[in-house]
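# Observations on chain architecture
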Amino acid sequence: MPRTPTTVTRPPAEHQAPAPDSDLFLQRTIDALSPHIAILGEAGEILMVNRAWREFTRGNEPEATEAGLGHKYLDVCRAAAGIDDQAWQIHEGITALLSGGRSEFHLDYGIDAIEGRRRFALRATRLAGAGPTRVVIAHEDVTQLERADDRLRHLLIQHHTQEDETRRHLARELHDVTAQKLVAACLLIAKADRVIGDDEPAISKSIAEARTLMEESLSEIRSLSYLFHPPLLEELGLAAAMRAYLDGFGQRTAIAMQAEIASDLPRLMRAAEMAFYRVLQEALGNVYRHAKSPVVIVRLYRHEAKTRLEVEDRGIGITGAMADGRLDPARAGVGLLAMKMRMEQIGGDIEVRTGAGGTRVCAVLPDRAWAGSLAPVSPARK
Ligand SMILES: Nc1ncnc2c1ncn2[C@@H]1O[C@H](COP(=O)(O)OP(=O)(O)OP(=O)(O)O)[C@@H](O)[C@H]1O
Ligand SMILES: [Mg+2]
């Protein structure tokens, strides 16, 4: 039976997709993307911009005509308020792209736009091929992301402050109240034991067991109180507190500890010593839980006007590092991010290097962070 011919309904010409290699196709494609996009020619002149670029330019530079088309991109950048100080970096980057010296260039920058301060991530890529050189520049608005990041940082800092306060409070309660009551109970029980003497061996046995349990609880409460708020840190400073902590950690975990702690370190402000101490605890906790390392090397020293704490293991390493072994702590787990936040809170930072040979977490605090508004603590502080 002959087939009924099917009728193909074509969309009207204006709705048809342009040919994939046409300028119109390219224009529609970049118009569909949200970053502000410009395509530059060989001399850095703007050949094409997308809708987001045009709308942003219209809002912020109403007098600009044609969104900079035909102008040199670098001149447009210089004219943009607020990024003059970064214009040289953009100049270097784009010049290198146009001359073929590099194929990609990234820069994060801020500008004062009509709706307030905004942050942008600039990504420029040279298109390699047989035709003339083209550079695609995309400015992505990352203001919301940055705000969310700032809020997260603020919350984490608040969380740390509250956590330190709660720990200090708990440590004091445990040490001054609960432990003292247990000591008193032990004394009373010892007295009862003496009164009973050898007359009631069954009761004496129970009393002896109760005493053992109470002494164990007392020792647990003291270690807990020490962990929550190390008294040596306040009294003798970071180096002494670290030595004591490392001894205990080595005994508890059977990981070989090597401590290289400089003997001539000045006292730091209380918050800085606490931050270093917490980083040590957290980093050692990670070695214990994740690294599978037989050894940890802990160094505390000063170098080039910075105090540095390094916790290095010979374990399995952390995945996700860059080719040179650096790992952004902000992109790892909450523990590493918290270490970074703690150090940033006092004007320092965390550097992580990792690989198949192990991991090194380094907390750095420049002197200038505590030499000005944050006065160093005198060695006589008690
Ligand atoms: N020294 C290390 N060696 C090997 N892997 C590690 C080491 N430190 C961290 N990691 C890996 O990195 C991840 C992130 O560590 P991070 O301390 O941020 O979080 P966490 O330890 O998993 O959780 P938390 O610290 O919040 O309890 C870990 O889950 C682990 O896989
Ligand atoms: Mg951790």
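Since this is a predicted model, take the numbers as computed values, not measurements.

## Describing the packing of helix H5 (residues 143-196) against helix H6 (residues 201-228)
At a minimum axis distance of 9 Å, the contact between H5 and H6 shows a crossing angle of 165 degrees. The angle between H5 and H6 places the two elements in the roughly antiparallel class. Like other packed secondary-structure pairs, H5 and H6 cross with a definite hand, here left-handed.

## Description of the sheet that holds strand S2 (residues 46-49)
On the basis of which strands lie adjacent, the open sheet formed by 5 strands has the order S2-S1-S5-S4-S3 and antiparallel pairing. Only two strands of the sheet have a single partner each, and these edge strands are S2 and strand S3 (104-113). Averaged over neighbouring strand pairs, the angle between their axes works out to 25 degrees when direction is ignored. Pairing between strand S1 (residues 36-40) and strand S5 (residues 134-141): 5 bridges, direction antiparallel. Residue Ile37 lies in a different strand from S5, and its bridge partner there is Ala138. Each of S1 and S2 is contacted by helix H1 (residues 23-31), which is oriented at about 60 degrees to S2, the strand it contacts most.

## A word on the environment of Phe25
Tracing the backbone through its elements, the reader meets Phe25 in helix H1. Residue Phe25 is classed as partly exposed on the basis of its relative accessible area, which comes to 32%. When sequence neighbours within four positions are dropped, the list of residues in contact with Phe25 reads Pro18, Ala19 and Pro20.

## What about the packing of aromatic side chains?
Describing an aromatic ring pair means giving the distance of the ring centres and the angle of the ring planes. All chains considered together, the criterion is met by 6 aromatic pairs. With a centroid separation of 5.5 Å and 70 degrees between ring planes, the pair formed by Phe56 and Phe120 is classed as edge-to-face. You can see Phe56 sitting in helix H2 (residues 51-60) and its partner Phe120 sitting in strand S4 (residues 116-127), a full 64 residues away along the chain. With centroids separated by 5.8 Å and ring planes inclined at 20 degrees, the aromatic side chains of Tyr109 and Phe120 adopt a geometry described as stacked.

## A look at the sheet that holds strand S7 (residues 295-303)
One open sheet accounts for 6 strands, arranged S6-S7-S8-S11-S10-S9; its pairing is mixed. Only two strands of the sheet have a single partner each, and these edge strands are strand S6 (256-261) and strand S9 (326-327). The sheet contact formed by S7 and strand S8 (residues 306-313) spans 8 bridges and is antiparallel. Bridged to Val296 within S8 is Asp313.

## Considerations on the site of ligand 1
Among the 13 residues in the neighbourhood of ligand 1, the closest are listed as Glu282, Asn286, His290, Asp313 and Leu336. Contact between ligand 1 and Gly335: an oxygen atom at 3.1 Å from a main-chain N or O atom of the residue. Here an oxygen atom of ligand 1 sits 2.8 Å away from a polar atom, N or O, in the main chain of Leu336. Protein burial of ligand 1: of its 590 Å² of free accessible surface, 72% is covered by the chains. Every element with two or more residues in the shell around ligand 1 is listed here: helix H9 (270-291) and helix H10 (334-345). Sort the elements by how many residues they give to the shell around ligand 1 and H9 lands first, with 5 residues. Here the shell around ligand 1 is composed, by residue class, of 4 nonpolar, 6 polar and 3 charged.

Cut-offs applied
Residues numbered from 1 in each chain as written. Chains lettered and ligands numbered in written order. Predicted model: local features only at pLDDT ≥ 70, side-chain atom pairs only at ≥ 80, totals over all residues. Heavy atoms only, no water. Axes fitted to C-alpha atoms, helices over the stretch in contact; angles between N-to-C directions. Helix = DSSP H or I, 4+ residues; strand = E, 2+ residues; numbered from the N terminus. Parallel < 35°, antiparallel > 145°, perpendicular 65-115°, else oblique. Left-handed = near helix turned anticlockwise from the far one by under 90°. Pairing = 2+ DSSP bridges. Contact = heavy atoms within 4.5 Å. Buried < 20%, exposed > 50% of the residue type's maximum accessible area, 1.4 Å probe, protein only. Phe/Tyr/Trp six-rings, centres within 6.5 Å; stacked < 30°, edge-to-face > 60°. Near = heavy atom within 4 Å. Polar contact = N/O pair within 3.5 Å; in protein donor to acceptor, adjacent residues only side chain to side chain. Areas by Shrake-Rupley, 256 points an atom, 1.4 Å probe, with all protein chains shown as cover. Nonpolar A, V, L, I, M, F, W, Y, C, P; charged D, E, K, R; others polar.

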